[in-house]
Amino acid sequence: MKILQDKKIVLAITGGIAAYKTPELVRRLKEQGADVRVVLTASAKAFVSSLSLQAVSGYAVADSLLDPQAELAMGHIELAKWADLILIAPATANIIAKLAHGLADDLLSTLCLATSAPIAIAPAMNQQMWHAPATQENIATLINRQIAILGPGAGEQACGDVGLGRMLDVDELVSLSTQFFTPKILTEQHWVITAGPTREAIDPVRYISNHSSGKMGYALAQAALNAGAKVSLISGPVALTAPQGAHLINVSSALEMHQQSLMLAEQADVFIACAAVADYRVAEVAKQKIKKHDDNDNMQLNLVKNPDIVADVAALTAKPFTVGFAAETQKVAQYAQEKLIRKNLDLIAANDVAQSNQGFNSDNNALQVFTRDQQFEIPLASKSKVAAQLVTIIAAQNNNKG
Ligand code: C5P
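Predicted, not measured: the structure shown is a model, and the values here were computed from it.

## Examining the pattern of salt bridges
Then, in step 1: This structure, assessed with the given rule, holds twelve salt bridges.
Then, in step 2: For K215, the salt bridge identified is with D363, shortest N-O distance 2.8 Å. Taken together, the positions of K215 in helix 10 (residues 215-226) and D363 in the loop between strand 17 (347-352) and strand 18 (364-370) put the pair 148 residues apart, joining distant regions of the chain.

Printed below as a string of structure tokens:
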């Protein structure tokens, strides 16, 4: 069954340039089975036409609080009750401020006060406006009220600035909207997830690291949260925002990640080692910056092995259900299964990093999943879709074990 089957979504569009993407957003939500009604603010009408939105949604667009005709068709209170989710995309600084302060001076702001459905917003604005203290304080207020903040993303903006403030891609918004309808199969469970690379210091200014983006680990944290788990995310340095509701523990080196992991894993139900941990660290970190020597073209670094975090978690007396990842360039299944046994894991997820369209740094992934006696395939898809499937498999295996 499609994940949004028969879900009633009010897509509310406010006046930002990203509004031009919303007819496509309506189509994608409908493809996933949702019933979508569109609300437009006055300024949104300057960016996208009611007629297009009516054509793709199959409903007349609602744009006025005081229109007798519209109130006859479906009044604003009725619409507020009809919705299973109100998704505001794009959400301008203005609607964010109005929501934070409880204004009710047009159809959308009134709807938001009158609904008991969850509200999600996809902010889109100039990066300076996003960073403005007023906007950030308003966002903090909305987070406190359990309003989900989807994004914003970073990149080039319509005004020519570069930075945070782009509306998330349509696909990402659809995928994040599913979180409100995911069965809460993990309530009462604590999942600990490692993500990203580690940094192994050479001296005060240099380090050894790798290209892990952390996207898969963060997607897993989001998927576990969606299913109702309490999530601790132990993350190496990445350029990602932690999912709302996750307990984020920032670490840098493998030793720090090891210490935090062992501390938290003792009380966890599930431990997922998704981080790309450096296998070796520099034996003695120089106290001062190492100088370049003109008379010697070579230099040696003495490396020592880092502890294997996931293997140490799997060796705990109070061992959580322990999941590892295997990034391989050949003999993926064989190496993964060997790793499962050697590290005493309950489940391993293997990806073929030799393929350029998946794995490290990509937005997509495909996984082969192994337990001691079972095997599953998760086909190539966005990391959030893959993460949702992997979380379902882990949850089922953990249940079977108990
Ligand atoms: O042995 P290999 O590095 O290929 O194993 C990968 C798996 O082991 C991943 O789940 C990774 O997070 C975990 N790992 C770890 N600590 C290390 C090295 C790898 O937890 N020092």
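## Some details on helix 9 (residues 170-177)
Then, in step 1: Among the eight residues of helix 9, six are classified as buried, and the element is accordingly described as predominantly covered.
Then, in step 2: For helix 9, the set of buried residues is V170, L173, V174, S175, L176 and S177.
Then, in step 3: Next to the buried residues of helix 9 lie helix 1 (22-31), strand 3 (85-91), strand 4 (119-123), helix 10 and helix 14 (383-401).

## What to know about the pairing of strand 17
Then, in step 1: The buried count for strand 17 comes to five of six residues, which makes it a mostly enclosed element.
Then, in step 2: Where strand 16 (residues 321-328) meets strand 17, six bridges bridge the pair, whose relative direction is parallel. Considered in strand 17, the bridge of V323 is made with L347.
Then, in step 3: Running through helix 13 (residues 332-342), the crossover from strand 16 to the neighbouring parallel element strand 17 is right-handed.

## What to know about the packing of aromatic side chains
Then, in step 1: Here the structure, examined in full by the defined rule, presents zero aromatic pairs.
Then, in step 2: For R37, the ring lying beneath its charged end belongs to Y59, and the centroid distance is 3.8 Å.

Reading guide: rules and limits
Within each chain, residues carry numbers counting from 1 in the order of the written sequence. Only residues with pLDDT of 70 or above have their local features reported here, since the model is predicted, and side-chain atom pairs are shown and tallied only from 80 upward, although totals for entire chains, interfaces and linings are computed over all residues. Derived side-chain values reflect all non-hydrogen atoms in the structure, with water molecules and hydrogen atoms excluded from consideration. Just to be clear on terms, a salt bridge is a Lys or Arg side-chain nitrogen sitting within 4 Å of an Asp or Glu carboxyl oxygen. The way it works is that DSSP assigns letters per residue, a run of H or I at least four long becomes a helix, a run of E at least two long becomes a strand, and they are numbered from the N terminus. With a 1.4 Å probe rolled over the protein chains alone, any residue whose accessible area is under 20% of its type maximum counts as buried; one over 50% counts as exposed, and the rest are partly exposed. Residue contacts follow a heavy-atom distance rule, with two residues in contact if any of their heavy atoms lie within 4.5 Å. Note on pairing: DSSP must find at least two bridges between two strands before they are called paired. A clockwise course of the path from the first strand over the helix to the second, judged with the strands pointing away from the viewer, identifies a crossover as right-handed. In this scheme Phe, Tyr and Trp rings, the latter by its six-membered ring, pair at centre separations within 6.5 Å, and the angle between planes marks the pair as stacked below 30 degrees, edge-to-face above 60, and tilted otherwise. Working rule: Lys NZ or Arg CZ, within 6 Å of ring centre, within 35 degrees of ring normal, means a charge sits over the ring.

Geometric values such as these leave the question of function open.
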